[in-house]
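Notes for the structure review
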Amino acid sequence: MKETALLAYCIPGVREAGCDEAGRGPLAGSVFAAAVILPPVIPDGLRGLNDSKQLTEHQRDALRPVIEETALAWAVAEVTAEEIDRINILNASILGMQRALEQLTIRPEHILVDGNRWKPYIPAGEVMEIPARTVVKGDAKYMSIAAASILAKTYRDAYMNRLHVEYPMYRWNENKGYPTRAHYEALRQFGPTPYHRKSFKLIVDN
């Protein structure tokens, strides 16, 4: 695993939570989101952090327990396909990250969000919003966002592997619900499942 040039913090000395999601593009399954607060001194075991898309499955699986064991706080949240259809995938992604933030055992003082869209986040029982900064491709720039991307990705992949046992014809263990040719062919043959996002285009023209 090669070294990366990710920054440890956006604002040194401030308790930051990095947030990211996994699963915006698939035709099926929930979107998963994670929030991670890293310690003031980054452990050596996290020096290999990078955007989850730039890591192999083996590297992500190896980093997941290190993140969970060394982070000051972390949480993973799910937004279902039914919710995605009701509020759209952008709002579902933001909702997932805010659900993850709500589950943190430590209140962050600042939030780093992967992407360019966000909504004010006010913790339950409070009146002041927590300051946040959106960062395009933040999972390749900040360690806390990269850690969140790895948790979101590994938890979602495990979830899709479980759904594959129920619906093996869609080959979700391979495509994780993304729009591959095999996935579209299965949709044409068997139709959508309760896990498919009905607001997405599930059939393509030949």
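The rules behind these values
Residues numbered from 1 in each chain as written. Predicted model: local features only at pLDDT ≥ 70, side-chain atom pairs only at ≥ 80, totals over all residues. Heavy atoms only, no water. Helix = DSSP H or I, 4+ residues; strand = E, 2+ residues; numbered from the N terminus. Buried < 20%, exposed > 50% of the residue type's maximum accessible area, 1.4 Å probe, protein only. Contact = heavy atoms within 4.5 Å. Polar contact = N/O pair within 3.5 Å; in protein donor to acceptor, adjacent residues only side chain to side chain.

1. Examining unusual backbone geometry
The backbone of Asn-88 shows a phi angle near 80°, a positive value even though the residue is not glycine. Within the secondary structure, Asn-88 is located in the loop between helix H2 (81-87) and helix H3 (89-103). Taking the relative accessible area as the measure of exposure, Asn-88 reaches 38% and is therefore partly exposed. For Lys-176, which is not glycine, the phi torsion reads 55° and is therefore positive. Relative to the helices and strands, Lys-176 resides in the loop between helix H5 (172-175) and helix H6 (181-190). Owing to a relative accessible area of 11%, Lys-176 belongs among the buried residues under this scheme.

2. Description of the environment of Thr-154
Along the chain, the position of Thr-154 falls in helix H4 (residues 143-166). Assessed through its relative accessible area of 6%, Thr-154 is described here as buried. Distance from Thr-154 to Asp-114, taken between C-alpha atoms, is 17 Å for residues 40 residues apart in sequence. With residues near it in sequence (within four places) discarded, Thr-154 still touches Arg-60, Asp-61 and Arg-64. Within the structure, Thr-154 has its side chain in polar contact with the backbone oxygen of Ile-150 (distance 2.8 Å). Among the polar contacts made by the side chain of Thr-154, one reaches the main-chain carbonyl oxygen of Leu-151 at a distance of 3.2 Å.

Purely geometric stuff here, so don't read any function into it on its own.
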